[in-house]
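# Chains, contacts and geometry: an overview
These are the residues of each chain, in order.
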Amino acid sequence: MSASLPAPSHDTSRPPDSIQRLLRELERLRRERRWPTLREIEEATGLPRATLSSWLNKGRVPHWDRLVVLLRFYGVDAGSPGEERCKQLWRPAYTAHRSRCYRRALNPPQSGGIGAVPDRRTAAPTSGRQWAVVSAPVSPVHHEPAGGHRPLKYKYRGDRVELYTALPPSPDGRWLAVRTPADPPGHKWMPAEDLVISPP
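In what follows, the accompanying structure is described. Just so we're clear, the structure is a prediction, and the values are computed from it rather than from any experiment. (Residues numbered from 1 in each chain as written. Predicted model: local features only at pLDDT ≥ 70, side-chain atom pairs only at ≥ 80, totals over all residues. Heavy atoms only, no water.)

This next bit is on the pattern of salt bridges. According to the stated counting rule, one finds eight salt bridges in the structure shown. For the salt bridge of Glu 25 with Arg 28, the shortest nitrogen-to-oxygen distance reads 2.6 Å. With a gap of three residues between them, Glu 25 and Arg 28 both fall in helix 1 (residues 17–32), about one helical turn apart. Residue Glu 162 pairs with Arg 129 through a salt bridge whose shortest N-O separation is 2.7 Å. Taken as a pair, Glu 162 in strand 4 (residues 160–162) and Arg 129 in the loop between helix 5 (81–106) and strand 1 (131–134) lie far apart in primary sequence, 33 residues in all. Judged by relative accessible area, which is 12%, Glu 162 ranks as buried. One continuous salt-bridge network, built from bridges that share partners, spans Glu 25, Arg 28, Glu 32 and Arg 85. (Salt bridge = Lys/Arg side-chain N within 4 Å of Asp/Glu carboxyl O. Helix = DSSP H or I, 4+ residues; strand = E, 2+ residues; numbered from the N terminus. Buried < 20%, exposed > 50% of the residue type's maximum accessible area, 1.4 Å probe, protein only.)

Set out below in structure tokens:
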């Protein structure tokens, strides 16, 4: 791994303050809408419930263009003071989230910690290799971290994938490299927010 990656924090189980501030604002907006369920938000926005849960309950911070979809559902208009406030909270939270992605890739959580997924497909991975579990209903596998083109294939919720630790996450923190031995050059890219690092 590159020496420029952030050093592991002493406590990776607790979201940084900047992320907690954003979460509190999203909670306030949700409360003003009389606590819509994740199913109701999914039906109105098209955002998968698993993705929404990872944002609202697990401290994952999406890219701004995806968060805007949720803000519109909450009644935050484009160019409004409310949107500007959310963007000011989002910037440091997203920076902190990118750092957390690096730390999790370098130091998978211990069994029972944040990110541990009790799924039989995560059991007994080979020592020295790092694994993740797909948390989204469907997650694309792309040739390049930018996505854009048609995915090479798809992975599904509960699938276990091996992280390609020879490469760091993409510069924007949105993509992680995964091993695909059958597909040259031996690695592809998946959305970081669709993956939960499994315990060693």
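There's plenty left to go through after this.
In this section: helix 1. For helix 1, built from 16 residues, the straight-helix expectation of 22 Å at 1.5 Å per residue is met to within 8% by its first-to-last C-alpha distance of 23 Å. Among all positions in helix 1, only Ser 18, Ile 19, Leu 22, Leu 23, Glu 25, Leu 26, Leu 29 and Arg 30 are buried. For helix 1, the arc enclosing every buried residue in end-on projection is 160 degrees, short of the 170-degree limit, so these residues lie on one face. The first or second residue beyond helix 1 is Arg 34, which carries a positive phi of 65 degrees. (Expected span 1.5 Å × (residues − 1). Arc of directions from axis to C-beta.)

Together, Val 138, Tyr 154 and Tyr 156 line one region of the surface with nonpolar side chains, adding up to about 300 Å² of accessible area. When you line up the elements, Val 138 lands in strand 2 (residues 138–141). The exposure class assigned to Val 138 is partly exposed, which follows from its relative accessible area of 42%. (Patch = residues over 30% accessible without salt bridge, like charges linked within 9 Å, V, L, I, M, F, W, Y side chains within 5 Å. Areas by Shrake-Rupley, 256 points an atom, 1.4 Å probe, with all protein chains shown as cover.)

Now for the side chain of Glu 25. Residue classification places Glu 25 among the buried positions, given a relative accessible area of 4%. Side chain to side chain, Glu 25 and Arg 28 meet in a polar contact 2.6 Å long. In contact with Glu 25, other than residues within four places in its own chain, are Arg 85, Cys 86 and Leu 89. (Polar contact = N/O pair within 3.5 Å; in protein donor to acceptor, adjacent residues only side chain to side chain. Contact = heavy atoms within 4.5 Å.)

Between helix 3 (residues 49–56) and helix 4 (residues 64–73), whose axes approach to 12 Å, the crossing angle comes to 95 degrees. One way to sum up the angle between helix 3 and helix 4 is to call them roughly perpendicular. Facing Thr 51, Leu 52, Trp 55 and Leu 56 of helix 3, the residues of helix 4 in contact are Arg 66, Leu 67 and Leu 70. (Axes fitted to C-alpha atoms, helices over the stretch in contact; angles between N-to-C directions. Parallel < 35°, antiparallel > 145°, perpendicular 65-115°, else oblique.)

Now for the pairing of strand 5 (residues 175–179). Across the five residues that make up strand 5, a large majority, four, are buried. As paired elements, strand 5 and strand 6 (residues 187–191) share five bridges and run antiparallel to each other. Bridge pairing links Val 178 to Lys 188 in strand 6. (Pairing = 2+ DSSP bridges.)

One non-glycine residue, Arg 34, lies in positive phi territory at about 65 degrees. Residue placement: Arg 34 occurs in the loop between helix 1 and helix 2 (38–45). Of the residues examined, Arg 34 reaches a relative accessible area of 76% and is grouped as exposed. Phi angles above zero are rare outside glycine, and Trp 35 is one such case at about 55 degrees. Among the structural elements, Trp 35 can be located in the loop between helix 1 and helix 2. Residue classification places Trp 35 among the partly exposed positions, given a relative accessible area of 43%.

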